[in-house]
Amino acid sequence: MDTVSNWLSNTRISGGSGTRPSARLTQDEIEDSLNPLFNYLNENFSTLANGLTRSMLLKVMTQTWKVVLHTVESLLLPSLSDRRTTQTQLTSAEADIVFHWLKSMRDFFYHDGNGPSLEVLQSQKYQELMTIPVYYDLPTSELKQESEKMSSLSFKTLQERNYFALPEMIKRKNTVMAHRNKKIRNKQEEQIKNAKRESPQTEDIILRILRARGEIEYLSRRLKQRERIAQTLATESIVRNAAGGFKRTDDTF
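Residues numbered from 1 in each chain as written. Predicted model: local features only at pLDDT ≥ 70, side-chain atom pairs only at ≥ 80, totals over all residues. Heavy atoms only, no water.

The protein appears in an unreviewed UniProt entry as MHD2 domain-containing protein from Trichomonascus ciferrii.

Next up, the structure:
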């Protein structure tokens, strides 16, 4: 798996010239650049198929696919941080190549239905990656506006739905929550799962693009704002729980 990650990370998106492409590569040129990787994967998957059950082989392929997704993400975006980074944003032509790679590799792993299912391949991480082009070339000012809108909407949504911003707090042992009725705890766990699904992944993408553009001061301010929001929501949850927690309904107990 390290070989897959290293190959993608070290392959020159420019097509081998060592400089950023001034013209877009053709579809054939982009796909040909993947041939060494496809040959490597075919050879190894064929070897594994001789010694593994189909279910185990699919698990290996799925784990390899996760490495591909993680590596593609790292090519497109730096990690989320308010520290300066040497990683710069790809050009439009370079980003197009990476997304062409991603779609070609998805088809390779799917293998006309003989590999992992499309449901597995087009996972949440894959869907997140496919939203990147929506924001990748927007002007910096528009990205900041979108970030502010998402911040306001996210805070309002979490408040209205009474979600827990810090789910790990209610998982600690020896708390009042640990001794409550099992159905109530199950209900809370479901809310935590929903809160995770509502996590600001799209804004994270925007902030990571801004980091690649050197907008460190803005990132620092936004991350501090998000931390304060998380603390506020956590405090509200603790107060509500101490005051009686969830409203009782006929099916609570």
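That was the structure; now back to the text.
Undergrad: I would appreciate a short explanation of helix 7 (residues 124–136) in the present structure.
TA: Owing to its 3.6 residues per turn, the α-helix brings residues three or four apart onto one side. Compared with an ideal rise of 1.5 Å per residue, which puts 13 residues at 18 Å, helix 7 spans 19 Å between its outermost C-alpha atoms and is within 8% of the ideal. Taken together, the buried positions of helix 7 are occupied by Y126, E128, L129, I132, Y135 and Y136. Projection of helix 7 onto a plane perpendicular to its axis shows the buried side chains occupying an angular sector of 165°, all on one side. Relative to its buried face, helix 7 has exposed residues pointing more than 90 degrees away, namely Q124 and V134. (Helix = DSSP H or I, 4+ residues; strand = E, 2+ residues; numbered from the N terminus. Expected span 1.5 Å × (residues − 1). Buried < 20%, exposed > 50% of the residue type's maximum accessible area, 1.4 Å probe, protein only. Arc of directions from axis to C-beta.)

Undergrad: Could you clarify how one ought to interpret the packing of helix 3 (residues 35–49) against helix 5 (residues 92–110) in this entry?
TA: To characterise two packed helices, one gives the angle between the axes of the helices and the distance between these axes. Their axes nearest at 12 Å, the elements helix 3 and helix 5 cross at an angle of 20°. Judged on the interaxial angle alone, helix 5 and helix 3 are roughly parallel. In the crossing of helix 3 with helix 5, the sense of the turn from one axis to the other is right-handed. In this structure, helix 3 contributes L37, F38, L41, N42 and F45 to the contact, and helix 5 contributes S104, M105, F108 and F109. Within the contact of helix 3 with helix 5, the residues separate by chemical class into seven nonpolar, two polar and no charged. (Axes fitted to C-alpha atoms, helices over the stretch in contact; angles between N-to-C directions. Parallel < 35°, antiparallel > 145°, perpendicular 65-115°, else oblique. Left-handed = near helix turned anticlockwise from the far one by under 90°. Contact = heavy atoms within 4.5 Å. Nonpolar A, V, L, I, M, F, W, Y, C, P; charged D, E, K, R; others polar.)

Undergrad: For this particular structure, what's the right way to read the nonpolar core?
TA: In summary, soluble globular proteins display a tendency toward joint burial of nonpolar side chains. In terms of nonpolar packing, the biggest core is built from 40 residues, with W65, L76, M105 and F109 touching the most fellow members. Those elements giving two or more residues to this core turn out to be helix 3, helix 4 (54–76), helix 5, helix 7, helix 8 (140–160), helix 10 (201–212) and helix 11 (216–242). The greatest single-element share of this core, amounting to nine residues, is contributed by helix 5. Contacts of W65, omitting those with residues within four sequence positions, involve L102, M105, R106, F109, V120, L121 and Y126. (Core = buried A, V, L, I, M, F, W, Y, C linked by side-chain atoms within 4.5 Å.)

Undergrad: Please clarify how a negative patch on the surface should be interpreted in this entry.
TA: A cluster of acidic residues, D28, E29, E31 and D32, forms a negative patch at the surface. With respect to the element layout, E29 can be found in helix 2 (residues 27–32). With relative accessibility at 42%, the residue E29 sits in the partly exposed group. (Patch = residues over 30% accessible without salt bridge, like charges linked within 9 Å, V, L, I, M, F, W, Y side chains within 5 Å. Areas by Shrake-Rupley, 256 points an atom, 1.4 Å probe, with all protein chains shown as cover. Salt bridge = Lys/Arg side-chain N within 4 Å of Asp/Glu carboxyl O. Lys, Arg positive; Asp, Glu negative; His and termini not counted. Charge placed at Lys NZ, Arg CZ, Asp CG, Glu CD.)

Undergrad: So what exactly am I meant to see when it comes to helix 5 here?
TA: Compared with the 27 Å implied by 1.5 Å per residue over 19 residues, the 27 Å span of helix 5 between its first and last C-alpha is a close match. Downstream of helix 5 by one or two residues, H111 has phi in the positive range, about 50°.

Undergrad: For this particular structure, what's the right way to read the packing of aromatic side chains?
TA: The geometry of an aromatic ring pair is captured by the separation of the ring centres together with the interplanar angle, meaning the angle of the planes. Counting across every chain of the model gives five aromatic pairs. Between F38 and F108, the aromatic rings sit 4.5 Å apart at their centres with planes inclined by 10°, giving stacked as the arrangement. Of this pair, F38 sits in helix 3 while F108 sits in helix 5, and the two are 70 residues apart along the sequence. Neither residue differs from the other here; F38 and F108 are each classed as buried. (Phe/Tyr/Trp six-rings, centres within 6.5 Å; stacked < 30°, edge-to-face > 60°.)

Undergrad: Please clarify how a nonpolar patch on the surface should be interpreted in this entry.
TA: Residues L48, L52 and M56 make up a contiguous nonpolar surface patch of roughly 210 Å² in combined accessible area. Turning to its location among the elements, M56 is positioned in helix 4. Looking at M56, the relative accessible area reads 38%, which means it is partly exposed.

Undergrad: Explain the side chain of E73 here, please?
TA: Looking at the element boundaries, E73 is found in helix 4. Taking relative accessible area as the criterion, E73 reaches 11% and is therefore assigned buried. Those residues in contact with E73 that lie beyond four places of it in its chain are K125, L129 and R208.

Undergrad: I would appreciate a short explanation of the pattern of salt bridges in the present structure.
TA: Opposite charge on two side chains makes pairing possible when the charged atoms of those side chains draw close. Enumeration over the complete set of coordinates arrives at ten salt bridges. Measuring nitrogen to oxygen at the nearest pair gives 2.6 Å for the salt bridge that ties E203 to R222. Placement of E203 in helix 10 and of R222 in helix 11 is noted, with a sequence separation of 19 residues between them. An identical accessibility class is assigned to E203 and R222; each is buried. Between E203 and R226 there is a salt bridge, with its nearest N and O atoms 3.3 Å apart. Residue E203 is located in helix 10, and its partner R226 is located in helix 11; the two are separated by 23 residues in the primary sequence. By sharing partners, the salt bridges in this structure join E73, K125, E128 and R208 into a single network.

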